Amino acid sequence: MTNFLLLADNDAANEWLKDNPAVLGGIAILIGLMLLAFGGNSIMTGKARTKWGIELTGLMARLHGGFLAVVGLAAMTFGLFKVFGG
């Protein structure tokens, strides 16, 4: 079960990411783009699936998609801050 703590307990990897914030920002931007794409798709189609496989339709799917889109935008904002602000 220690595989789940790979980066949390790895001081060398954390130090490398601290020295290279653009890599961390790039990862955050990619995650943000994926969340934004899934959220946009849910908003447009009115269909979504939760992480447990439950199918949402209508307003709940659009709310779920909106939440994913907002979190994706937040991740992208953090990534842009890390890439350009350091």
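Preceding this paragraph is the structure being described.
A few points on the structure.

Rules of the game
- Residues numbered from 1 in each chain as written.
- Predicted model: local features only at pLDDT ≥ 70, side-chain atom pairs only at ≥ 80, totals over all residues.
- Heavy atoms only, no water.
- Helix = DSSP H or I, 4+ residues; strand = E, 2+ residues; numbered from the N terminus.
- Contact = heavy atoms within 4.5 Å.
- Salt bridge = Lys/Arg side-chain N within 4 Å of Asp/Glu carboxyl O.
- Buried < 20%, exposed > 50% of the residue type's maximum accessible area, 1.4 Å probe, protein only.

**Observations concerning the overall build of the chain**
Link 1 in the chain: Along the chain, the regular secondary structure elements total three helices and two strands.
Link 2 in the chain: Mapped in sequence order, the helices and strands of the chain form the string α-α-β-β-α.
Link 3 in the chain: The long-range fraction of contacts in the chain, counting pairs at least 24 apart against all pairs at least 6 apart in sequence, stands at 53%.

**What to know about the pattern of salt bridges**
Charged atoms that come close allow side chains of opposite charge to pair.
Link 1 in the chain: Inspection of every chain in the model, using the stated rule, returns one salt bridge.
Link 2 in the chain: A salt bridge links R49 to E55, with the shortest nitrogen-to-oxygen separation between them at 3.4 Å.
Link 3 in the chain: For R49, a relative accessible area of 53% corresponds to the exposed category.

**What to know about the side chain of S42**
Link 1 in the chain: Following the sequence through the fold, S42 ends up in helix 2 (residues 21-45).
Link 2 in the chain: Judged by relative accessible area, which is 6%, S42 ranks as buried.
Link 3 in the chain: Those residues in contact with S42 that sit more than four places away from it in its chain are K47, A48, A61, R62 and G65.

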